[in-house]
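One-letter residues, chain by chain:
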Amino acid sequence: MSFDLGDVVRLSTSVRNANDAPADAGSMSLTITLPDGSDVTVPSVTPETTGVYTYDYPTTQAGRHSVRWLATGDNAMADTDVFNVREATPPQLFSLAEAKAKLGIPPASTSSDDELREFIEATTQCVEFFVGPVVRRTVQQVVPGDRDVWVLHTMPVLSVTAITPLQTWQQAIDPSVLDIDGATGLLRRKDGLWFYSGDYRVTYTAGRAIVPPNVTLAARLILQHLWRTNYGASRGLGAIGGGDDFLVTEQVPGFGYAIPNRALQLLQGDRQAGGFA
């Protein structure tokens, strides 16, 4: 389960003695390694109850965190764990409420909300593999100068926000002089000049201003298909969709059996070259 950025994560470990009974350690310390590689160290943690140690950590960074408990002295032991924190605005093609409606989950039921949000993010990544960015995002790319066209690799391109020279002797380029072909990622100068020599870092926004209905429907079908794995042998339950298509009898390269056939067919009209048939 992933946590939202800013959540307080309760970390815990337990200590047992040689007779496998709960027991306190001589001392207990905790080290949390953050996504940027820095450490948060708690030199002394007191037991909440006999043998049970907890610590509430307020998250400040998105990404994977590693946790190490170290008990010394009596009942010495070590314990490691990890937890993940979502970015502030994770890419999601549809809302939690829309996902619940597709899966037949009552709005008032919240027991699966955190897990379902991870499924939504995974579904978004699957769809974007085939059609390119759908959710708006900021992209940075280094491009070489001394040419008449730049090609951006993440499409569709909505806008270019900055062009930063990487060498001190380079001339600046005003993004307002650009002609942007959002569908192909081609950038040209409207004044007919070539781009100056040297390398430049282009900062731009990629994604879609309007998401076509075939893409959103395909995403919901993929979500429905993946959610069925929670039901084991009962995956054919009518409440979460049925039909032979959900068995996915042919593998999709790069995704195995994760993509139902009808979803892939819905995405065909928006496929990008990076996806696979």
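Residues numbered from 1 in each chain as written. Predicted model: local features only at pLDDT ≥ 70, side-chain atom pairs only at ≥ 80, totals over all residues. Heavy atoms only, no water.

> Honestly, the packing of helix α1 (residues 96-103) against helix α3 (residues 213-227) in this entry has me stumped. Any pointers?
For the pair α1 and α3, interaxial distance at closest approach is 10 Å and the crossing angle is 65°. Considering only the axes of α1 and α3, their crossing is right-handed. Seen from α1, the contacting residues are Glu98, Ala99, Lys102 and Leu103; seen from α3, they are Arg220, Leu221, Leu223, Gln224 and Trp227. Across the contact of α1 with α3, the residue classes break down as five nonpolar, one polar and three charged. (Axes fitted to C-alpha atoms, helices over the stretch in contact; angles between N-to-C directions. Helix = DSSP H or I, 4+ residues; strand = E, 2+ residues; numbered from the N terminus. Left-handed = near helix turned anticlockwise from the far one by under 90°. Contact = heavy atoms within 4.5 Å. Nonpolar A, V, L, I, M, F, W, Y, C, P; charged D, E, K, R; others polar.)

> Help me out: how do you make sense of α1 in this one?
Every α-helical turn comprises 3.6 residues, leaving residues that sit three or four positions apart pointing alike. Considered for burial, the residues of α1 that qualify are Ala99, Lys100 and Leu103. Taken around the axis of α1, the buried residues stretch over an arc of 100°, which confines them to a single face. More than 90 degrees from the buried face of α1, the exposed residues found are Ala97 and Ala101. Trailing α1 by a residue or two, Gly104 shows a phi angle of about 70°, which is positive. (Buried < 20%, exposed > 50% of the residue type's maximum accessible area, 1.4 Å probe, protein only. Arc of directions from axis to C-beta.)

> Is there a simple way to think about the sheet that holds strand β13 (residues 186-189) in this case?
Each strand in a sheet pairs with another by means of backbone hydrogen bonds, the pair being arranged parallel or else antiparallel. Ordered by their spatial adjacency, three strands build an open sheet running β10-β13-β12, and the pairing between neighbours is antiparallel. The outermost strands of the open sheet, each flanked by one partner alone, are β10 (150-151) and β12 (178-181). Summarising the sheet, β12 and β13 pair through four bridges and their orientation is antiparallel. Residue Asp181 lies in a different strand from β13, and its bridge partner there is Leu186. (Pairing = 2+ DSSP bridges.)

> Sorry if this is basic, but what is going on with the pattern of salt bridges here?
Evaluation of the coordinates by the stated rule reveals 10 salt bridges. The partner of Asp4 in a salt bridge is Arg117, with the nearest N and O atoms 2.6 Å apart. Of the two residues, Asp4 sits in the loop between β1 (2-3) and β2 (8-14) while Arg117 sits in helix α2 (residues 113-131), which places them 113 residues apart along the sequence. Given the relative accessible area of 23%, Asp4 is considered partly exposed. Between Arg189 and Asp191 there is a salt bridge whose closest N-O contact spans 2.7 Å. Taking relative accessible area as the criterion, Asp191 reaches 40% and is therefore assigned partly exposed. (Salt bridge = Lys/Arg side-chain N within 4 Å of Asp/Glu carboxyl O.)

> So what exactly am I meant to see when it comes to the sheet that holds strand β3 (residues 27-33) here?
Reading across from one edge, β1-β8-β7-β3-β4 is the order of the five strands in this open sheet, with mixed pairing throughout. In this open sheet, the two edge strands, each paired with only one partner strand, are β1 and β4 (39-42). Taken together, the four bridges between β3 and β4 define a ladder with antiparallel strand orientation. Residue pairing for β4: Thr33 is matched across the bridge by Asp39.

> Would you mind going over the packing of α2 against α3 with me for this structure?
Packed helix pairs are characterised by how far apart their axes lie and by the angle those axes make with each other. Two numbers describe how α2 lies on α3: the axes approach to 9 Å, and their chain directions differ by 130°. The angle between α2 and α3 places the two elements in the oblique class. Where α2 crosses over α3, the handedness of that crossing is right-handed. Seen from α2, the contacting residues are Glu115, Leu116, Phe119, Ile120, Thr123 and Val127; seen from α3, they are Val215, Ala219, Ile222, Leu223, Leu226 and Trp227. Across the contact of α2 with α3, the residue classes break down as 10 nonpolar, one polar and one charged. (Parallel < 35°, antiparallel > 145°, perpendicular 65-115°, else oblique.)

> Explanation requested: the packing of aromatic side chains in the structure shown.
Any pair of aromatic rings gets described here by the distance separating the centres and the angle formed by the planes. Here the structure, examined in full by the defined rule, presents six aromatic pairs. Between the aromatic rings of Phe129 and Phe130, the centroid separation amounts to 5.0 Å while the plane-to-plane angle is 90°, which identifies the pairing as edge-to-face. A residue is classified by how much of its surface remains accessible, and Phe130, at 0% relative accessible area, is buried. Pairwise contacts between aromatic rings join Phe3, Tyr57 and Phe83 into one cluster. Here Arg189 stacks its cationic end above the ring of Tyr196, 5.1 Å away from the centre of that ring. (Phe/Tyr/Trp six-rings, centres within 6.5 Å; stacked < 30°, edge-to-face > 60°. Lys NZ or Arg CZ within 6 Å of the ring centre and 35° of its normal.)

> How should the nonpolar core be read in this particular structure?
Inside soluble globular proteins, nonpolar side chains tend to come together where they are buried. In this structure, Phe94, Leu116, Val127, Leu223 and Leu267 are the most contacted members of the largest nonpolar core, which totals 25 residues. It is α3 that contributes the most residues to this core, eight residues altogether. Beyond its immediate sequence surroundings of up to four residues, Leu116 is in contact with Leu96, Ala99, Lys100, Leu103, Ile105, Leu223 and Trp227. Counting 18 residues, the second-largest nonpolar core is a separate cluster that includes Phe3, Met28, Val42 and Trp69. (Core = buried A, V, L, I, M, F, W, Y, C linked by side-chain atoms within 4.5 Å.)

> Help me out: how do you make sense of α2 in this one?
Taking 1.5 Å of rise per residue, the 19 residues of α2 would be expected to cover 27 Å, and the 27 Å separating its terminal C-alpha atoms lies within 8% of that figure. Inspection of α2 places Asp113, Leu116, Arg117, Phe119, Ile120, Thr123, Thr124, Cys126, Val127, Glu128, Phe130 and Val131 among the buried residues, and these make up the whole buried set. Looking at the packing, one finds that the buried side of α2 touches α1, β9 (137-144), α3 and α4 (261-267). Looking one or two residues past α2, Gly132 carries a phi angle of roughly 80°, positive in sign. (Expected span 1.5 Å × (residues − 1).)

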